Amino acid sequence: MRPPVIIGAGPAGVRAAQTLVEHGLRPIVVDEAARAGGQIYRRQPANFHRPPEQLYGTEAGRATALHAAFDDISDRIDYRPESLVWNVQTGWLDVLHAPSATTRGVPWSRLIVATGATDRILPVPGWTLPGVYSLGGSQVALKFQGCAIGSRVIFMGSGPLLYLVAYQYAKAGANVVAVLDTARLADQIAALPGLVTRPSTFGKGLYYVSWLRAHGVPIRRGIRPLRLLGDNRVDAVVFEDDGSESTLSCDAVGFGYALRPETQLAELLGCRFEYSHGERAHLPVRDEAGRGSVEGVYLAGDGTGIMGADAAEWAGERAALALLADEGTVVDSARARKLESRLRGLKPFRRALERAFPLPEDWAALAPDHVIVCRCENITAGDLREIVRATGADEVNRLKALSRVGMGRCQGRMCGVAATHLLAHSTGLPIEIVGRMRVQGPIKPIPMAMVRKQEGAL
Amino acid sequence: MMTSAFLLHRLADTDREPVDFTLDGRPLSALVGDTVLTAVLCQHDHLRRNEFSGQPRAGFCLMGACQDCWIRTSQGERVRACSTFIAPGMALLTKERTL
């Protein structure tokens, strides 16, 4: 029998691998990063020496436990780091090994997709200026490289990461000029009943906010980003605060609106998607155990809907148990039920987070025509609106075909949410009706020489 | 207020071995374990110019998703700066080759 394949070595992928190993299997683990841990528990290069407490704060215990679990099974798995799954089809993965610039096929009969998430972005004029990074990117600079994105940093947008990254920067000695949150205090108060269902996580969030305040970092809520200023790099943020325009000087900006799942591989696999009102996105459907709608495909972690790192660990283990059961292995069904119950139990908290840090509903209405939506090819909101007016396009893939939005190198990762919201606003249709941007392989750029080589081989 | 000419600021783990590389022909030094992005942006303000607007770009997501941190080498290759480690002798170019 073919070994199972796991894509991704974050919290979900690692726990899935560990579970399969414990049942005597030797899975193939393919991961784009050089070291396991995913984004949240991303490890610094081996010659860095900061202790886990400095890198992961209150999550140090979880991070080190996950790393230890992976190190412990490393000689019992077929681990392929620095390897990008750039295409997938039934029974077959195309994997690019970056250091050797070679691509090879990996056959599979059962596949656990644990591809994680990236920042959810709603553009603001000036967001392509050097010195402007996503919130997750700001965190990666610090965690993975020991660097701050600037010397006077503003963090902006919304979501739990906003306060966490600001706290981590300030704690590491960076000058955090301000935290600008589009969510209102009223949103956070309205979300309280759900937030208190996870008192320790909620408590950490409160701690970051109060620590920032105690250390003199201004926090503004209910703001709207208007524009980022600068010629060759960002030097100020202009935002609306209580009905009037404010300007703050800075030399770097980290921004984003929570996270969006990386669903490209699930889509290429032919998994069925459904619209999630909470996440305002189409997500691959899975059963409680993590089975996707396609035989042999299992989905776990944030790549199938944002539930956070703890949930990813549980879902990874649960999906592996489902895979084992489907192969006829006897598994601990009480454990499986317990994991499902934990995952269900987390839902009120996740819904409360969406309530506390809502995606600004008015973004599309307020976005000026000149704002760049597609940073790959410089397509503006005005370009998209004009195409909608001229052609009557009312489906996002039609808009993509006509404008090239989502066809650039990022394949819609950075612009997809914005393009979909703009189209919904321009047509007056709900997001779920304008649809989701479809993807094609290669899902990330691969060297042209390699494509030619492959074509030559046919 | 003074703004430095480079983007990234090192806050920790600076006691690493140096790595020599060149940027637009200029000899520079980074630290072992730096990504190409870190190596360049700790002493420069962009990685390349956008192919459509000509405006400077310096990456965005730092996790291999946005594809906006590609930089050219003198060998004519492109590397994704956020996920490629700096190596001795790398010759990086932020400017378009003039024909």
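Residues numbered from 1 in each chain as written. Chains lettered and ligands numbered in written order. Predicted model: local features only at pLDDT ≥ 70, side-chain atom pairs only at ≥ 80, totals over all residues. Heavy atoms only, no water.

**Student:** Looking at this model, I keep getting lost on the packing of aromatic side chains. Mind explaining?
**Tutor:** Given two aromatic rings, one states the distance between the centres and the angle between the planes to describe the pair. Evaluation of the coordinates by the stated rule reveals twelve aromatic pairs over all chains. Both rings, one in Trp127 of chain A and one in Phe60 of chain B, keep their centres 5.3 Å apart while their planes meet at 85 degrees; by these two values the pair is edge-to-face. Taken together, the positions of Trp127 of chain A in the loop between β8 (117–119) and β9 (132–134) and Phe60 of chain B in the loop between β5 (56–57) and β6 (70–73) put the pair across two chains. Phe60 of chain B shares its class with Trp127 of chain A; the two are buried. On the numbers, 6.3 Å between centres and 45 degrees between planes, the contact of Tyr163 of chain A with Phe357 of chain A is tilted. With a gap of 194 residues between them, Tyr163 of chain A in helix α5 (residues 160–171) and Phe357 of chain A in the loop between α11 (333–356) and α12 (363–366) connect regions that are remote in the sequence. For Tyr163 of chain A, a relative accessible area of 4% corresponds to the buried category. Owing to a relative accessible area of 13%, Phe357 of chain A belongs among the buried residues under this scheme. (Phe/Tyr/Trp six-rings, centres within 6.5 Å; stacked < 30°, edge-to-face > 60°. Helix = DSSP H or I, 4+ residues; strand = E, 2+ residues; numbered from the N terminus. Buried < 20%, exposed > 50% of the residue type's maximum accessible area, 1.4 Å probe, protein only.)

**Student:** Hey, could you run me through the nonpolar core in this one?
**Tutor:** Looking at soluble globular proteins, one finds that nonpolar side chains tend to be buried together. Counting residues in each nonpolar core, the largest one holds 158 residues, and the members touching the most others are Tyr169, Phe255 and Val405 of chain A together with Phe21 of chain B. If one sorts the elements of this core by residue count, helix α10 (residues 309–326) of chain A sits on top with eleven residues. In this structure, Ile28, Val30, Leu93 and Val106 of chain A belong to the second largest nonpolar core, which totals 20 residues. (Core = buried A, V, L, I, M, F, W, Y, C linked by side-chain atoms within 4.5 Å.)

**Student:** What is the right way to look at the interface of chain A and chain B in this model?
**Tutor:** Quoted interface sizes are often the accessible area lost when the parts come together. Opposite the 52 residues of chain A that make contact, chain B presents 45 residues. The interface formed by chain A and chain B includes four salt bridges. We note a salt bridge from Glu51 of chain B to Arg409 of chain A, for which the minimum N-O separation is 3.3 Å. If you look at where chain A meets chain B, you find 20 residue pairs in polar contact (both at pLDDT 80 or more). Put simply, the parts of the chain that give the side of chain A that touches chain B at least two residues each are β8, β9, α4 (135–145) and β10 (147–148) of chain A. Ranked by the residues each element gives to the side of chain A that touches chain B, the list is headed by α4 of chain A, at seven residues. Tallied by class, residues from the side of chain A that touches chain B come to 23 nonpolar, 17 polar and twelve charged. (Contact = heavy atoms within 4.5 Å. Salt bridge = Lys/Arg side-chain N within 4 Å of Asp/Glu carboxyl O. Polar contact = N/O pair within 3.5 Å; in protein donor to acceptor, adjacent residues only side chain to side chain. Nonpolar A, V, L, I, M, F, W, Y, C, P; charged D, E, K, R; others polar.)

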